[in-house]
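Structure assessment
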Amino acid sequence: MRLITHNMLSCNIKGVANGFPLKIEAESVIEKEVDFNPDFLRHMFAKIEWKALVEAARSLGYSELPEDSPAAAAEDESLLKKLHHALLELHLEEGALVCPETGRRFPVTRGIPNMLLHEDEV
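An unreviewed UniProt entry lists the protein chain under the name Multifunctional methyltransferase subunit TRM112 homolog A, with Raphanus sativus as the source organism. The heading Subunit (unreviewed entry) in the UniProt record of the protein chain holds the text "Interacts with TRM9." Here the protein chain is described in UniProt, under the heading Sequence similarities (unreviewed entry), as follows: "Belongs to the TRM112 family."

Structural data, given as C-alpha cells:
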C-alpha cells in the first residue's frame, strides 16, 4: 500500500469521530521505483494532509520530509522528489492500520489493506 492511499483512508466504524489518520504498524516495507512526474505531484500537493503524510512516512522509516508543509513546495524540485518517494515508492507490504480512536487494527497483507468492518461496527 502506497502512502498516497494511506493519506485518503480513515476508520469508518459507527460512532467514530476521529478516524484519521490511521496509525501504521509496519512489519514489511518495500521500495518500488516509479517514474518521477512533477506535474502530478504539484496537482496532488493541495490534496495531501501533510502532517498525516509525515507521520506515516516516519513510521515506515523515511524521515526526509519537513515537519511543516512548505509554502513553495510546488517550485522546489528537491522537495518534490522527496514527496514522490514518500507517496509513490514506499509500500507497506505487511502490517496493520490502526484506528486512532478505537485501536481497531486493519491488517495489510501483500500491500492490500483489509478495511472491512464487523457487523457490530457498521
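Okay, back to it.
Among the secondary structure elements, E89 is positioned in helix α4 (residues 77-89). Despite its burial, E89 pairs with no opposite charge, the nearest such side chain being R2 at 8.9 Å. A distance of 3.1 Å separates a polar side-chain atom of E89 from the backbone nitrogen of V34. Apart from residues no more than four positions distant in its own chain, E89 is found in contact with I30, E31, K32, E33, V34 and H84.

The rules behind each value
- All chains use their own residue numbering, which begins from 1 and follows the written sequence.
- Totals for whole chains, interfaces and linings use all residues, but because this is a predicted model, local features are given only for residues with pLDDT of at least 70 and pairs of side-chain atoms are given and counted only at 80 or more.
- Each side-chain value is derived from all of the structure's non-hydrogen atoms; neither hydrogens nor water enter the calculation.
- UniProt positions are given in the numbering used here, feature names are shortened, and annotations may be inferred rather than shown by experiment.
- Here a helix means four or more residues in a row that DSSP labels H or I, a strand means two or more in a row labelled E, and each is numbered from the N terminus.
- Buried, partly exposed and exposed residues are distinguished by accessible area as a fraction of the type maximum, computed with a 1.4 Å probe on protein chains only: under 20%, between the cut-offs, and over 50%, respectively.
- Only four residue types enter the tally: Lys and Arg on the positive side, Asp and Glu on the negative side, with His and both chain ends excluded.
- Salt-bridge detection follows one rule: a side-chain nitrogen of Lys or Arg within 4 Å of a carboxyl oxygen of Asp or Glu.
- Nitrogen and oxygen atoms within 3.5 Å of one another constitute a polar contact, given that in protein one can donate a hydrogen and the other can accept it, and given that sequence-neighbouring residues count only through two side-chain atoms.
- Residues count as neighbours in contact if any of their non-hydrogen atoms are within 4.5 Å of one another.

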